[in-house]
Amino acid sequence: MTAAGPPLLRDQYVDWLRALSLIVVVVWHWAFTILQWEPGGPVPTSPLGFTSGLWILTWLLQVLPLFFYVGGHVHLLSWNRAHGRGVGIGAFVWRRIRALAVPALALSGVWVAIGAVVTWVFGVDWMWRVVLLVLSPLWFLGVYLVLIALLPLALWLHRRYDVLTLIWFGGAALVVDVVRFRYGVDWVGWLNMIIVWGLAHQAGFFYQRIVALPRRYDVGLLWTGLFALFGLVYSGIYPGSMVGVPGDKWSNMAPPTFVIVALLIFQIGLVEVLRPSMERLLERPGWQRANHTINRFALPLFLFHTTGMAIALGVSWWLFGTLGEKVPPDLKWWLERPIAIVGPLLCTLPVIYLFGRRR
């Protein structure tokens, strides 16, 4: 009788990065969304448009490149395990799409129904703007679903062309920007919704190879991405913020520009440089429990965080009769940012608790 091999250990750092990328998005929305109430309804804005130099923080806090990168790694691992059990690629892709699409579509359906009822019964025309604000953060899940659907093609490219695929994707993203900005063909920029995020997702297929690299390569990736960011931003072509800012000529995110490729390289280098320290922390029982809990609830928290925020704002309006916030934000507003997440969190917790119990 042969002894069984050691069980495969789960990569705690991957779990941490995946959950962290979602949590940062949630906290950013809760703490730093400024709602102005106009005759047509609520209009969101950001403190980035009123605070000089704050955009530099988005180089750390815009973590969607990291999310797609980690997602690519997880999909490759999951597919390898499924393939080993005899699961076909079609069944694998459909199961992944269904797991993500069903709760997102259910949430969207509920809000569309609420918008229709409120508009019809009470004649509140701006209710559709509320629905749009609540559902708009789900846009990147739509891109994520497209990338899952394209997974057979991505896997074939990875097997056939390896690292050349990343180079071609990066070159295609740059060509799109040239056509968009040099020749004024604005619509072509939307091709980068798949090219840029597809590149980040494809880069995740190289995760284990990147982890195995000597530490000096991690530092090299970090500095390469950082220098590329400075060069692109201070070329005067691209804005400095990695999120949309009111008043900017265009956004690096909608649609994504080649700057996001540089941000991806920088963030991959950064998380690898931080890996040894974080892995030591994640070996501690308390951190392991926290990591497990955050991962269990990270996706439902993201799905329902704007719903909780809408409920919290509604309760605040009902109790205090205040709509909208002061622009530009003052010192009191900044000091209240830690408190600003409490209301949305309390209104979101019951939903994510019920969701988590069903998993």
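A quick note: this is a predicted structure, and the numbers were derived from the prediction, not measured.

1. What about a positive patch on the surface?
On the surface, R81, R85, R95 and R98 cluster together to form a positively charged patch. Looking at where R85 falls in the secondary structure, it is placed in the loop between α3 (64-84) and α4 (89-122). Overall, R85 belongs to the exposed group, its relative accessible area being 60%.

2. Brief notes about the nonpolar core
Judged by nonpolar contacts, the single largest core of 92 residues is most densely connected at F68, Y69 and W197. Top contributing element to this core by residue count: helix α12 (residues 259-282), with 12 residues. Membership of the second largest hydrophobic core comes to five residues, among which are L48, L54, V243 and V245.

3. What to know about the packing of aromatic side chains
Under the defined criterion, the tally for this structure stands at 25 aromatic pairs. Ring geometry for F32 versus W333: centroids 6.5 Å apart, planes at 55 degrees, classification tilted. Taken as a pair, F32 in helix α1 (residues 12-32) and W333 in helix α14 (residues 331-335) lie far apart in primary sequence, 301 residues in all. With a centroid separation of 5.1 Å and 90 degrees between ring planes, the pair formed by F67 and F140 is classed as edge-to-face. Of the two residues, F67 is situated in helix α3 and F140 in helix α6 (residues 139-149); the sequence distance between them amounts to 73 residues. There is no split in this pair, since F67 and F140 are both buried. Members of the aromatic cluster, joined through ring pairs, are F67, F68, W139, F140, Y144, W197 and F302. In this structure, R182 packs its charged tip against the face of Y183, placed 5.2 Å from the ring centre. The ring of W333 carries the charged tip of R337 above its face, separated from the ring centre by 3.8 Å.

4. With respect to the environment of P152
With respect to the element layout, P152 can be found in helix α7 (residues 151-161). Its relative accessible area of 37% is what places P152 among the partly exposed residues. In sequence terms P152 and V93 are 59 residues apart; their C-alpha atoms lie 8.3 Å from each other. Once residues lying within four places of it in the same chain are set aside, the contact partners of P152 are I89 and V93.

Definitions and cut-offs
Counting of residues starts from 1 at the beginning of each chain's written sequence and follows it residue by residue. Reporting in this predicted model follows two pLDDT cut-offs: at least 70 for local features of residues, and 80 or more for side-chain atom pairs to be given and counted; totals over whole chains, interfaces and linings ignore these cut-offs and use all residues. Hydrogen atoms and water are omitted, and side-chain values are computed over all heavy atoms in the structure. Patches here are clusters of residues that have more than 30% relative accessible area and form no salt bridge, with a 9 Å joining cutoff for like charges and a 5 Å cutoff for nonpolar side chains (Val, Leu, Ile, Met, Phe, Trp, Tyr). In short, Shrake-Rupley with a 1.4 Å probe defines the accessible areas, and a residue's cover is counted only from the protein chains shown. We define a salt bridge as a contact between a side-chain nitrogen of Lys or Arg and a carboxyl oxygen of Asp or Glu at a distance within 4 Å. Neither His nor the chain termini are counted; the positive set is Lys and Arg, and the negative set is Asp and Glu. The atom standing in for a charge is NZ when the residue is Lys, CZ when it is Arg, CG when it is Asp and CD when it is Glu. Secondary structure is summarised from DSSP: a helix means a run of H or I of at least four residues, a strand means a run of E of at least two, and numbering begins at the N terminus for each. Each residue is assigned to one of three classes by its accessible area relative to the maximum for its type, calculated with a 1.4 Å probe on protein chains only: buried under 20%, partly exposed between the two thresholds, exposed over 50%. Working definition of a nonpolar core: buried Ala, Val, Leu, Ile, Met, Phe, Trp, Tyr and Cys residues. They are joined through side-chain atoms within 4.5 Å. Stacked, edge-to-face and tilted are the three classes for Phe, Tyr and Trp ring pairs, Trp counted by its six-membered ring, which pair at centre distances within 6.5 Å; planes under 30 degrees apart are stacked, over 60 edge-to-face, the rest tilted. The rule for a charge over a ring is simple: NZ of Lys or CZ of Arg within 6 Å of the ring centre, and within 35 degrees of the ring normal. Residue contacts are defined here by distance: any two heavy atoms, one from each residue, within 4.5 Å place the two residues in contact.

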